[in-house]
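# Results of the structural survey
So the chains spell out like this:
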Amino acid sequence: TDGRKVNQRIDFGDIEEFGEEIYAYGKIENPLQGFKKDGVFKCTEGERRTLAVKYINNKYKIDFPVPFLCETRDTTMVKRLYKQRAMNNGGKPYTIVEDAALINTLMLEGQTEEQVCKELRFSSVYVSDLKMLHASPDELKQFIFKGVISPTEVLRILRETKDYTKTITIIQETLELV
């Protein structure tokens, strides 16, 4: 699959039943996603829907319309995942905590920090900060979500203390003074 992640789901469940549900409803809400390689479409999201539509097309001898988002340019898995998550985020920019979760996902997928920096044009310091933020306890992330303290200030304190518990204590003590 040319380095692209293709859904490797083995058990697709009852395709006939799913196809009949799609046929009865009349449309597919979530578009299929994929890319075209050597004239063949490869599905990265929606393989089960694809099989269900093939089933109803064959059974009812129709050409059921299916929305399909197809990569037009050859992009890396890093860029594709970043774009896919942006689409699922309603086009809004990511928060720093969401960026941290994305970096973690990419690292779990086997991407190196160097690849991520290059592909997303993030500095190595930013990626390092995101990894540190992602590894932080939820209590620390809640301070950011609630707007109690800026992510930049949290990261500054974390860099100084190099300790999550001390960082939480400093923030709590600061809040008591206010």
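None of the values given here were measured: they were computed from a predicted structure. (Residues numbered from 1 in each chain as written. Predicted model: local features only at pLDDT ≥ 70, side-chain atom pairs only at ≥ 80, totals over all residues. Heavy atoms only, no water.)

## Description of the nonpolar core
Buried together is how nonpolar side chains tend to be arranged in soluble globular proteins. In this structure, L120, L133, L140, V154 and I171 are the most contacted members of the largest nonpolar core, which totals 25 residues. Where this core is concerned, the elements lending two or more residues are α4 (96-108), α5 (113-120), α6 (124-135), α7 (138-145), α8 (151-161) and α9 (164-177). Counting residues per element, this core draws most heavily on α4, at 6 residues. Residues F18, I22, V53 and F64 belong to the second largest nonpolar core, which totals 9 residues. (Core = buried A, V, L, I, M, F, W, Y, C linked by side-chain atoms within 4.5 Å. Buried < 20%, exposed > 50% of the residue type's maximum accessible area, 1.4 Å probe, protein only. Helix = DSSP H or I, 4+ residues; strand = E, 2+ residues; numbered from the N terminus.)

## Let's talk about the packing of aromatic side chains
Inspection of the entire model under this criterion finds 2 aromatic pairs. Measuring from centroid to centroid gives 4.0 Å for Y23 and Y60, while their planes differ by 5°, and the two rings are stacked. Of this pair, Y23 sits in helix α1 (residues 15-25) while Y60 is found in helix α2 (residues 47-60), placing the two residues 37 residues apart along the sequence. On the basis of relative accessible area, Y23 is assigned to the partly exposed category, the value being 35%. (Phe/Tyr/Trp six-rings, centres within 6.5 Å; stacked < 30°, edge-to-face > 60°.)

## Here's the deal with the packing of α7 against α9
Look at α7 against α9: their axes get within 10 Å of each other, and the N-to-C directions meet at 40°. By the criterion of interaxial angle, the relationship of α7 to α9 is oblique. Judged by the sense of rotation from one axis to the other, the crossing of α7 with α9 is left-handed. Touching E139, L140 and F143 of α7 are Y164, T167, I168, I171, Q172 and L175, all from α9. Taken together, the residues of the contact of α7 with α9 break down into 6 nonpolar, 2 polar and 1 charged. (Axes fitted to C-alpha atoms, helices over the stretch in contact; angles between N-to-C directions. Parallel < 35°, antiparallel > 145°, perpendicular 65-115°, else oblique. Left-handed = near helix turned anticlockwise from the far one by under 90°. Contact = heavy atoms within 4.5 Å. Nonpolar A, V, L, I, M, F, W, Y, C, P; charged D, E, K, R; others polar.)

## Side note on the environment of E21
Inspection of the secondary structure assignment puts E21 in helix α1. Separated by 31 residues in the primary sequence, E21 and A52 place their C-alpha atoms 9.2 Å from one another.

## Side note on unusual backbone geometry
The backbone phi angle of K61 is positive, close to 50°, even though this residue is not glycine. With phi around 55°, K162 is a residue other than glycine that occupies positive phi space. Structurally, the position occupied by K162 is in the loop between α8 and α9. Judged by its relative accessible area of 71%, K162 is exposed.

## Points about the confidence of the model for the chain
Residue-level pLDDT values for the chain average 81, and 82% of them are 70 or greater. Mean pLDDT across the elements of the chain ranges from a minimum in helix α3 (residues 77-88), with 67, to a maximum in α8, with 91. (pLDDT = per-residue confidence, 0-100.)

## A short note on a negative patch on the surface
On the surface, a cluster of negative charge is made up of D14, E16, E17 and E21. Tracing the chain through its elements places D14 in the segment before α1. Accessibility expressed as a relative area gives 37% for D14, which makes it partly exposed. (Patch = residues over 30% accessible without salt bridge, like charges linked within 9 Å, V, L, I, M, F, W, Y side chains within 5 Å. Areas by Shrake-Rupley, 256 points an atom, 1.4 Å probe, with all protein chains shown as cover. Salt bridge = Lys/Arg side-chain N within 4 Å of Asp/Glu carboxyl O. Lys, Arg positive; Asp, Glu negative; His and termini not counted. Charge placed at Lys NZ, Arg CZ, Asp CG, Glu CD.)

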